[in-house]
Amino acid sequence: MHIRRILAAVIATAALAGLGLTGAATATAATAKGAPSYVTPSECKQGGGEPRIDLPGNPCKGGTHDGEPVD
């Protein structure tokens, strides 16, 4: 009887820990995908790119900020 209680407590703890890890992973993924980051025209140029505000989405072309929207 005593072993059953311990075993049930261990299983419950493991299940709750697993749910906590799943929730943390989901929150991290949602944060990583959040709103797109914008760069200024000068940041785009400093990163080796060219701000192309004439293209749809105003992307930074080339460099370290390639594809990021310019604001």
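Quick summary incoming for the structure in this document. Bear in mind the structure is a predicted one, so any value in this text is a computation, not a measurement.

## Considerations on the overall build of the protein
Phase 1 of the analysis: Counting its regular elements, the protein contains two helices and two strands.
Phase 2 of the analysis: Taken across its 71 residues, the protein has 13% of its residues classed as buried.
Phase 3 of the analysis: Sequence-distant contacts, at least 24 apart, represent 27% of the contacts inside the protein between residues at least 6 apart.
Phase 4 of the analysis: For the protein, the accessible area works out to roughly 5,500 Å², and carbon and sulfur atoms hold 64% of it.

## Here's the deal with the state of the cysteines
Phase 1 of the analysis: One pass over the structure, following the stated rule, counts one disulfide.
Phase 2 of the analysis: Residue C44 pairs covalently with C60 via a disulfide, S to S 1.9 Å. Classification of the bridge connecting C44 and C60 rests on its S-S torsion, roughly 90 degrees, and on that basis the disulfide is right-handed. With C44 in helix α2 (residues 41-46) and C60 in strand β2 (residues 60-61), this residue pair connects regions lying 16 residues apart in the sequence.

## Digging into the environment of E50
Phase 1 of the analysis: When you line up the elements, E50 lands in strand β1 (residues 50-51).
Phase 2 of the analysis: C-alpha separation for the pair E50 and G62, spaced twelve residues apart in sequence, amounts to 6.6 Å.
Phase 3 of the analysis: With residues near it in sequence (within four places) discarded, E50 still touches C44, P59, C60 and K61.

## Topic: unusual backbone geometry
Phase 1 of the analysis: Located in the positive-phi region is N58, a residue other than glycine, with phi close to 50 degrees.
Phase 2 of the analysis: Structurally, N58 can be placed in the loop between β1 and β2.

## Description of the environment of G67
Phase 1 of the analysis: Tracing the backbone through its elements, the reader meets G67 in the segment after β2.
Phase 2 of the analysis: In the structure, G67 is positioned 16 residues away from P51 in sequence and 9.7 Å away in space, judged by C-alpha atoms.
Phase 3 of the analysis: Other than its neighbours up to four places away in sequence, G67 contacts P59 and C60.

## Considering the environment of E68
Phase 1 of the analysis: Relative to the helices and strands, E68 is located in the segment after β2.
Phase 2 of the analysis: Its relative accessible area of 23% is what places E68 among the partly exposed residues.
Phase 3 of the analysis: Here the alpha-carbon distance between E68 and G57, two residues eleven residues apart in the chain, equals 8.8 Å.
Phase 4 of the analysis: Excluding its chain neighbours within four sequence positions, the residues that come into contact with E68 are S37, V39, N58, P59 and C60.

Calculation rules
- Residues numbered from 1 in each chain as written.
- Predicted model: local features only at pLDDT ≥ 70, side-chain atom pairs only at ≥ 80, totals over all residues.
- Heavy atoms only, no water.
- Helix = DSSP H or I, 4+ residues; strand = E, 2+ residues; numbered from the N terminus.
- Buried < 20%, exposed > 50% of the residue type's maximum accessible area, 1.4 Å probe, protein only.
- Contact = heavy atoms within 4.5 Å.
- Areas by Shrake-Rupley, 256 points an atom, 1.4 Å probe, with all protein chains shown as cover.
- Disulfide = S-S within 2.5 Å.

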